[in-house]
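# Geometric and topological summary
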Amino acid sequence: MPFVSQTFQQQVASAAEALKTSLRGRQAPAYYLHFAGQYLLPGLFDDTPETIPLAQLSSEASSMPNLDGQEPAVLLGCCDKVPVMVATGIRRTVEGCGMLEALFPTVLAEQVGVRNHIFLDTAISLQSEWKAGQWGMLSDFINGYAVSPLEGLQGMLEHSFPNLSEVFSQVQNSEIINALAAVGDAPKLCTYYGVPGFHLPSMAEARMIREQGADFLGHDLVLHVILSYAMGCRVSALALAGGQILPGMSPHFTRQELTETEHFCSRQLCQGLRTAIRSLHDSAEGYVENVLPDADADELIRASIQRSATRSSPLKAFLRK
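Below, the structure is looked at part by part. (Residues numbered from 1 in each chain as written. Predicted model: local features only at pLDDT ≥ 70, side-chain atom pairs only at ≥ 80, totals over all residues. Heavy atoms only, no water.)

### Observations regarding the overall build of the protein chain
When you go through the protein chain residue by residue, the secondary structure sums to nine helices and nine strands. Looking at the protein chain residue by residue over its 321 residues, the buried ones come to 49%. Partitioning the intrachain contacts of the protein chain with sequence separation of at least 6 by distance along the chain shows that 82% fall at a separation of at least 24. (Helix = DSSP H or I, 4+ residues; strand = E, 2+ residues; numbered from the N terminus. Buried < 20%, exposed > 50% of the residue type's maximum accessible area, 1.4 Å probe, protein only. Contact = heavy atoms within 4.5 Å.)

### Quick word on the environment of Ala-182
Assignment of secondary structure puts Ala-182 in helix α4 (residues 170-183). On a C-alpha basis, the gap between Ala-182 and Gly-272 in space is 7.5 Å, while along the polypeptide they are 90 residues apart.

### Focus: the pattern of salt bridges
Summed over the entire model, instances satisfying the criterion amount to ten salt bridges. Arg-91 is the salt-bridge partner of Glu-95, the closest N and O atoms lying 3.0 Å from each other. We classify Glu-95 as partly exposed; its relative accessible area is 26%. Classification of Arg-91 as buried rests on a relative accessible area of 7%. With a shortest N-O distance of 2.8 Å, Arg-115 and Glu-110 are connected by a salt bridge. A residue is classified by how much of its surface remains accessible, and Glu-110, at 12% relative accessible area, is buried. (Salt bridge = Lys/Arg side-chain N within 4 Å of Asp/Glu carboxyl O.)

### Some thoughts on helix α6 (residues 221-230)
Of all ten residues making up α6, ten are buried, and the element is well covered by its neighbours. What α6 keeps buried is the set Leu-221, Val-222, Leu-223, His-224, Val-225, Ile-226, Leu-227, Ser-228, Tyr-229 and Ala-230. Looking at the buried residues of α6, the elements they touch are β1 (31-36), α3 (99-112), β5 (116-125), β6 (135-143), β7 (188-194) and β9 (234-244). One or two steps after α6, the chain reaches Gly-232, where phi turns positive at roughly 95 degrees.

### What about the environment of Thr-122?
Inspection of the secondary structure puts Thr-122 in strand β5. Of the residues examined, Thr-122 reaches a relative accessible area of 12% and is grouped as buried. Along the sequence, Thr-122 and Gly-133 sit eleven residues apart, while their C-alpha atoms lie 9.5 Å from each other. Excluding residues that lie within four positions of it along the chain, Thr-122 makes contacts with Ala-36, Tyr-39, Leu-240, Gly-242 and Glu-262. Only 2.9 Å separates the side chain of Thr-122 from the side chain of Tyr-39, close enough to count as a polar contact. There is a polar contact of 2.5 Å between the side chain of Thr-122 and the side chain of Glu-262. (Polar contact = N/O pair within 3.5 Å; in protein donor to acceptor, adjacent residues only side chain to side chain.)

### A closer look at the nonpolar core
Ranked by internal contacts, the top residues of the largest apolar core, which has 54 residues, are Leu-19, Met-85, Leu-108, Tyr-192 and Val-225. For this core, the leading source of residues is α6, giving eight residues. The next biggest cluster of nonpolar side chains, apart from the first, holds 31 residues, and it includes Leu-44, Leu-120, Ala-179 and Leu-238. (Core = buried A, V, L, I, M, F, W, Y, C linked by side-chain atoms within 4.5 Å.)

### A few points about the layout of surface pockets
Looking at the largest pocket, its volume works out to about 320 Å³. The wall of the largest pocket is formed by 21 residues, among which Ile-124, Phe-198, His-219, Arg-255 and Leu-258 lie closest to the centre. Listing elements by their share of the lining of the largest pocket, those giving two or more residues are β5, β8 (216-218) and α7 (255-286). In the lining of the largest pocket, the residues fall into eight nonpolar, eight polar and five charged. (1 Å grid on protein atoms, 1.4 Å probe; cavity = no way out; pocket = protein on both sides within 12 Å on 5 of 7 lines; lining within 4 Å. Points joined across faces, edges and corners; volume = space filled by probe spheres on them. Nonpolar A, V, L, I, M, F, W, Y, C, P; charged D, E, K, R; others polar.)

### Considerations on helix α5 (residues 203-211)
Where α5 is concerned, the buried positions are Ala-206, Ile-209 and Arg-210. For α5, the angular spread of buried residues about the axis comes to 100 degrees, placing them on one side. Contacts made by the buried residues of α5 are with β7 and β8. Taken from the residues just after α5, Gly-213 is the one with a positive phi, measuring 100 degrees. (Arc of directions from axis to C-beta.)

### Details of the side chain of Asn-173
Turning to its location among the elements, Asn-173 is positioned in helix α4. Under the relative-accessibility criterion, Asn-173 is labelled buried at 3%.

### Points about the side chain of Glu-110
Mapped onto the elements of the fold, Glu-110 is located in helix α3. A polar contact of 2.8 Å, which involves the side chain of Glu-110, links it to the side chain of Arg-115. Once you skip the residues sitting within four places of it in the chain, Glu-110 turns out to touch Arg-115, His-117, Met-231 and Cys-233.

Here it is in structure tokens:
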């Protein structure tokens, strides 16, 4: 039975309490990593992570494998000594499970207290400069869905009317770009267009999306990004080019080829994420905000007038009659 909005918050709260039980005796996760693809994770964790199926945390979550043959699960472990929560086997709306089940792990991460979110997925390149195997860092996106991921979840949102022009964290983005550049090619900034359904677009659809300024065509990633930001989390998102659809050229790649690209790029990804998360964690611990006293506007204006009105002021020539 799919989730319904009336009980979704209760289900998430219950799952969060169950997950917190597994976290007793260890540090709370500092980062949430969302792997919406068949990426290989060896090398990401310091040791073998604890794996908790989502169906074990919620009676409403299905235990059936997703389209990639993976069971949706949460992994708890450390990435270069930084505790992280990782979601794998992500469900997608195209499976017919509904949007709420697809969004469940992202909401769960926030409810557990993880406020730094990094989303990863594979998409289709619409531009010649984005070759298969290259990473794009989302700097903007277009929601091609007919609905918003925020519908029915207002009670869980920090920003009930979020400004989507400020979704992505420049601090996180910079660290991830630098870290991936150190182990391979640096991601370039891109615009992502999210549409429902696992299908290749017609040439007319691809042309329309390209004309709207999109570099990548993907699916549910845009939904997670919007919801995560609306819940008050710090957000970054990466899209891996799995194939290309170029003007005048019919696409010639399969889903298996997309998976092979994910596997091939996994090592660089895990190395880069380890470096980025370590750097982000260290800078966050060493950061001390310099809080300045609030200025009294009336006092500042009065002091400025007094300084400029004296006979010793540079303006005295204009004050003399």
